[in-house]
Amino acid sequence: MIGKLIIATILTGLVTGAFITFYELLIVFLTYFIFMGDPLKTIPTLPVWYLYLVPTLAIFFVNYLSSKDGNIREYGVSEIAESVSENRMVLRIKTLFLKILASALSLSSGFTVGTEGPSASIGAMIAYQIHRLFKLPKMLIKMMISVGASAGVAAIFVSPMTGISFAVENIAYQFIKQYITYLILASVIAFAITANYLDAITFVRSAGRVMNNDYIISNLFFIPFITAFIYLYLFMKKKVLHFIDIELFKKFHNYRNHIFALLGGSVIGTILMLEPQAAFSGKEIVVMLMNQENHISIFVIFTIIFLRIVGTTVAIYSNAVGGVFLPLMSIGALIGYGFGEIMSFFMFPVEPFYFAAIGASIFMGVIMKLPLTAVVLSLETTFDYNIVIASGISVVLVEYFSTIFFKIKKNYVNKADKIERTS
């Protein structure tokens, strides 16, 4: 049994790495095809009607695909594992390819969703098929799904430890002692494949183990600063759009998805017209801000922050197929960079790109309730103790302050909040 499980794990890592490479390259191809080149360069030259038409048609088509196969919607890995093990969900090979297509269309058309959610799901679906191929015991379904999810996240981030911690915090905590070796094996293999084709998020200015107390002290001011923006994000998602959704549910239940698809296309079209950098997954923004040499206008930074918060929350309600890991990281990086610029204005000896790295981990870790993954991500992408320490302290304190007024649910962070039917 152990030998069969090791072979199944290796195969999961290999196949997942190959599929994630194809998935990421497909997104790049479709993005350049739809916008006729590098979108950040071509969008200003395209007609306004085209910028509105592209995301609107894309999200309507994604909703159509979801209506044909509800399993391509964005689910949490733990939900997938529970549903499959209880025979409430069947993951077919057709679902895998439809998931890739729906997510690639969502991302390439400008919707502010990430690649990590679909990547985890792609890995989970592959692992499920391999579980069936090897006729492994039913009791190992959850374990294999967590192995696949770990491999998927490790592959898309080109970061094996981030993939492992993601799986541990989402589902593998239930059997961490017994099966952690299989998570490691699949994650490292998938990472080894994508490392040859995809780019990782890197921080070129790492100070390593050299400590700078200026960043530790200034981080105390950053905690309430980023907490305020987390309040804004949660208010938008849980209060404003949720209220609109409830009203639509009561009056136009049969047309809810169509209305939100139209709203989503209009919002993303507006964002593409006003500030193209505020659209798409946000990975480029994170890398740019963490390694920025020239200073960016505070007005531009906070304009993009607001647009990305609006875009991410609307994308969730529009049923765009994608995760929120990267979009949340990008919002946090923007907030951190803006804070660093403000501190620099008051002659405090800190660099904005440091707080871009800190903010990226904190915002994602708090909203997704993944504190361990946030700290591991900050370590694996920066190798800088100033960032790791600040991220570890802040993610705990900011999460505490955020839960005073908001109840953050891990399972539903990447989808619209549930609505109860009223008679």
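Residues numbered from 1 in each chain as written. Predicted model: local features only at pLDDT ≥ 70, side-chain atom pairs only at ≥ 80, totals over all residues. Heavy atoms only, no water.

Regarding the overall build of the chain
Part 1: The secondary structure content of the chain amounts to 17 helices and 0 strands.
Part 2: Going through the 423 residues of the chain one by one, you find that 61% of them count as buried.
Part 3: Considering only intrachain contacts with a sequence separation of at least 6, the fraction spanning at least 24 residues in the chain is 83%.
Part 4: Carbon and sulfur atoms make up 68% of the accessible area of the chain, which totals about 17,500 Å². (Helix = DSSP H or I, 4+ residues; strand = E, 2+ residues; numbered from the N terminus. Buried < 20%, exposed > 50% of the residue type's maximum accessible area, 1.4 Å probe, protein only. Contact = heavy atoms within 4.5 Å. Areas by Shrake-Rupley, 256 points an atom, 1.4 Å probe, with all protein chains shown as cover.)

Remarks on a nonpolar patch on the surface
Part 1: A surface patch of nonpolar side chains, about 1,000 Å² in accessible area, is lined by Met211, Leu379, Phe383, Tyr385, Ile389, Ile393, Leu397, Tyr400, Phe401, Ile404 and Phe405.
Part 2: The residue phenylalanine 405 is located in the segment after helix 17 (385-402) in this model. (Patch = residues over 30% accessible without salt bridge, like charges linked within 9 Å, V, L, I, M, F, W, Y side chains within 5 Å. Salt bridge = Lys/Arg side-chain N within 4 Å of Asp/Glu carboxyl O.)

Re the packing of helix 12 (residues 283-290) against helix 14 (residues 325-345)
Part 1: Direction vectors running N to C along helix 12 and helix 14 enclose 30°, while the axes themselves pass 8 Å from each other. Between helix 12 and helix 14, the interaxial angle falls into the category roughly parallel. Crossing handedness for the pair helix 12 and helix 14: left-handed. Counted together, Lys283, Ile285, Val286 and Leu289 of helix 12 and Leu326, Met329, Ser330, Ala333, Leu334 and Tyr337 of helix 14 form the full contact between these two elements.
Part 2: Partitioned by chemical class, the residues of the contact of helix 12 with helix 14 number 8 nonpolar, 1 polar and 1 charged. (Axes fitted to C-alpha atoms, helices over the stretch in contact; angles between N-to-C directions. Parallel < 35°, antiparallel > 145°, perpendicular 65-115°, else oblique. Left-handed = near helix turned anticlockwise from the far one by under 90°. Nonpolar A, V, L, I, M, F, W, Y, C, P; charged D, E, K, R; others polar.)

Things to note about the pattern of salt bridges
Part 1: Overall, the coordinates contain 1 salt bridge when judged by the stated rule.
Part 2: In this structure, the salt-bridge partner of glutamate 399 is lysine 369, at a minimum N-O distance of 2.9 Å. Note that glutamate 399 is positioned in helix 17 and lysine 369 in the loop between helix 15 (352-367) and helix 16 (371-382), a separation of 30 residues in sequence.
Part 3: By relative accessible area, lysine 369 is classed as partly exposed at 24%.

Quick word on a positive patch on the surface
Part 1: Taken together, the side chains of Lys68, Arg92, Lys94 and Arg132 make up a positively charged region of the molecular surface.
Part 2: Following the sequence through the fold, arginine 92 ends up in the loop between helix 4 (77-85) and helix 5 (93-108). (Lys, Arg positive; Asp, Glu negative; His and termini not counted. Charge placed at Lys NZ, Arg CZ, Asp CG, Glu CD.)

A look at the side chain of asparagine 291
Part 1: Position of asparagine 291 among the secondary structure elements: in the loop between helix 12 and helix 13 (298-317).
Part 2: In terms of polar contacts, asparagine 291 uses its side chain to reach the backbone amide nitrogen of valine 204, at 2.7 Å.
Part 3: What asparagine 291 contacts, discounting residues up to four positions off in sequence, is Thr202, Phe203, Val204, Arg205 and Phe353. (Polar contact = N/O pair within 3.5 Å; in protein donor to acceptor, adjacent residues only side chain to side chain.)

A look at the packing of helix 3 (residues 48-68) against helix 5
Part 1: The N-to-C vectors of helix 3 and helix 5 enclose an angle of 160°; their axes lie 9 Å apart at closest approach. Taken together, the axes of helix 3 and helix 5 lie roughly antiparallel to each other. Between helix 3 and helix 5 the crossing geometry is left-handed. Of the residues in helix 5, those in contact with Ala58, Phe61, Val62 and Leu65 of helix 3 are Leu98, Leu101, Ala102, Leu105 and Ser106.
Part 2: Looking at the contact of helix 3 with helix 5, its residues break down into 8 nonpolar, 1 polar and no charged.

Regarding the nonpolar core
Part 1: With 128 residues, the main nonpolar core has Phe35, Tyr233, Leu289, Phe325, Met329, Phe363 and Met364 as its most contacted residues.
Part 2: Beyond its immediate stretch of four places on either side in the chain, leucine 289 contacts Ile296, Ile301, Ala333, Leu334, Tyr337, Phe353 and Ala356. (Core = buried A, V, L, I, M, F, W, Y, C linked by side-chain atoms within 4.5 Å.)

Considering the confidence of the model for the chain
Part 1: In this model, the chain carries an average pLDDT of 85, and 87% of its residues clear a pLDDT of 70 or more.
Part 2: Across the chain, the secondary-structure element scoring lowest on mean pLDDT is helix 4, at 60, and the one scoring highest is helix 1 (residues 2-34), at 95.
Part 3: In this model, residues 418-423 is a region of pLDDT below 50 whose contacts with residues beyond four sequence positions or in other chains number 10 contacts. (pLDDT = per-residue confidence, 0-100.)

Observations concerning the environment of asparagine 219
Part 1: With respect to the helices and strands, the residue asparagine 219 is situated in helix 10 (residues 213-251).
Part 2: Among the residues examined, asparagine 219 registers a relative accessible area of 3% and is labelled buried.
Part 3: A sequence separation of 139 residues divides asparagine 219 from isoleucine 358, and the C-alpha atoms of the two residues are 9.0 Å apart.
Part 4: Not counting residues within four places of it along the chain, the set of residues in contact with asparagine 219 comprises Phe355, Ile358, Ala390 and Ser394.
Part 5: There is a polar contact of 2.7 Å between the side chain of asparagine 219 and the side chain of serine 394.

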